[in-house]
Amino acid sequence: MSDTASPLPQPVGSPSGGSARQAHKSLLVPDARTRRRNAAETRFRAYGIIAIAIAIAALAWLLFSIFSGGASAFRQTYATIPVRLDAAVVDPKGNRNLDEMAKVLTLSYGKLLLDGMKDYVASKNIQIEGLSDADLKSFLSDQAQANLRDQVLRNPDLIGQVVTTPALTSSRIDGFFKGRVTEESAASDIKTSPAQIALARAMAADGSLVTRFNADFITNPDSSETRPEAAGLGVAILGSFYMMLIVLVLALPIGVAASIYLEEFAPKNRLTDIIEVNIANLAAVPSIVYGILGLAAFINFMGLPRSAPIVGGLVLTLMTLPTIIIATRAALKAVPPSIRDAALGVGASRMQTVFHHVLPLAMPGVLTGTIIGLAHALGETAPLLLIGMVAFVREYPSAPPAGFFDPASALPVQVYNWTRRADPAFFERASGAIIVLLVFLLAMNLLAIYLRRKFERRW
């Protein structure tokens, strides 16, 4: 029994008052000091629960704001109208020579689209007060003219025919179907009008105007500030992929080799202590400092081109190396010394012990650290701004290795660029790009978890 209500044996000469207090103590009845400890523990648990709740609420709010603002970027409004490809406009010389047809300005195709809009309104007998030719012209995006021109150059047999092709609408018409533009705001907006909104309603009711999934947002390059509806992430995704490829090829072998040497072979002296402290400090250096280093070393000194994935990859490699080294050394330290002792005890050399026994056991931690370092590098913006990755690039870089030296952009830099532009449609694009970036980061973290569990060994 744990009840101690019965008197305890008292030492000889103890005061009689102490015997009286001991007679009233019980393990089932907490005293004042125990109650204070229990209350402190309860408060600490409450603080932890509150902190976790705040963190979850902040994360939920962040994700809600991003997805609510960016999900519409993956949908786009298209108008389907018949357009007559007048040979006198698209092929003035009538020889079907693609080089000469390519010299025809896209403005000429804009006249064809305007005529197509007029024919559509007349054929459907749409009567809208105040609807002018200027409204019909600005109803479609300027990118629709370029798309129609490309379609003709790909297939010159279409010349002289009436083609019915989806045409990109302007950002204001697209914004109306996404709730970004209202009839009231259209009345005070110089880029649209209530007549255009009424025409959009009529075309949507007729089925000639639809809002559907927009794959061009993933594959198209960036566009000018006047065409937010045509802006895409194609060049930025390719540029980020090239940079991550360079970081993986350079940072993984260098980081793992440096970690193995420092952890398994380097003598323990003051020099290695200084190196270890500096590696830990480099992991905490602000990323923009690496950008300044890359600008000075790779562009100004080595003469590498600006805005090129090779420079971005080298800068991100320098920034990622400390993270990989620290993670790899921690994984090597986690391998029990008994593994090394057993291997050395049966006659294996130090190198055989490391590469045949220690490194395979540490591989889950090495891979996890590498992927987390890559994910960190994928989201970096500041160092890329300093090496010119902020430039406007519409041409896709070629295949590696020549593509490493072509101008390109990167996902986080593209987000930064779009948030600086005035048209509200670019903010929608930026939120959509953040969603794409989060998907890539989530995929990389899931890959790290999979590799860790696949190669994990217990001892």
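The rules we used
- Residue indices follow the written sequence of each chain, beginning from 1 at its first position.
- Owing to the predicted nature of the model, reporting of local features is limited to residues with pLDDT of at least 70; listing and counting of side-chain atom pairs is limited to 80 or more, with chain, interface and lining totals taken over all residues.
- Heavy atoms from the whole structure form the basis of all side-chain values; hydrogens and water molecules are not counted.
- UniProt positions are given in the numbering used here, feature names are shortened, and annotations may be inferred rather than shown by experiment.
- In this text, helices come from DSSP runs of H or I with a minimum length of four residues, and strands from runs of E with a minimum of two, each type numbered from the N-terminal end.
- Only buried residues count toward a nonpolar core. Its members are Ala, Val, Leu, Ile, Met, Phe, Trp, Tyr and Cys residues joined through side-chain atoms within 4.5 Å.
- Whether a residue is buried, partly exposed or exposed follows from its accessible area with a 1.4 Å probe, protein chains only, as a fraction of its type maximum: under 20%, in between, or over 50%, in that order.
- Contacts were defined at the residue level, with two residues in contact if any of their heavy atoms lie within 4.5 Å.
- By definition, two strands form a pair when at least two bridges between them are found by DSSP.
- Helix axes use the C-alpha atoms of the stretch in contact, all axes being lines fitted to C-alpha atoms, and the angles between their N-to-C directions lie in the range 0 to 180 degrees.

Next up on the list: the UniProt feature "transmembrane region" (unreviewed entry) in the protein. Per the UniProt record, the feature "transmembrane region" (unreviewed entry) sits at residues 44–67, 241–262, 282–304, 310–332, 358–379 and 430–451. In residues 282–304, helix accounts for 70% and strand for 0%; the two terminal C-alpha atoms are 24 Å from one another. Secondary structure across residues 430–451 divides into 100% helix and 0% strand, with the first and last C-alpha atoms of the span separated by 32 Å.

This next bit is on the UniProt feature "domain: ABC transmembrane type-1" (unreviewed entry) in the protein. Summarizing the sequence annotation, UniProt attributes the feature "domain: ABC transmembrane type-1" (unreviewed entry) to residues 237–448 in the numbering used throughout. Taken end to end, residues 237–448 is 75% helix and 0% strand, and its two terminal C-alpha atoms sit 21 Å from one another.

Now for the nonpolar core. Counting 51 residues, the largest nonpolar core has Met244, Val311, Leu316, Leu384 and Trp418 as its most contacted members. Every element with two or more residues in this core is listed here: helix 12 (234–265), helix 14 (287–301), helix 15 (309–333), helix 17 (350–378), helix 19 (411–419) and helix 20 (424–455). Examining the composition of this core, we find that 10 residues originate from one element, helix 20, more than from any other. Excluding residues that lie within four positions of it along the chain, Met244 makes contacts with Leu316, Leu374, Ala377 and Leu378. Formed by 37 residues, the second largest nonpolar core is a distinct cluster that contains Val83, Leu114, Met117 and Ile126.

Take the sheet that holds strand 2 (residues 162–168) next. To summarise the sheet geometry, strands pair through backbone hydrogen bonds and adopt either a parallel or an antiparallel arrangement. An order of 2-1-3 is seen for the 3 strands of this open sheet, with the pairing classed as antiparallel. Strands with a single pairing partner mark the edges of an open sheet, and in this sheet they are strand 2 and strand 3 (209–213). Recorded for the sheet is a direction-independent mean angle of 35 degrees between the axes of neighbouring strands. As paired strands, strand 1 (residues 75–84) and strand 3 are joined by 5 bridges and run antiparallel to one another. Paired with Arg75 across the strands is Phe213, a residue of strand 3.

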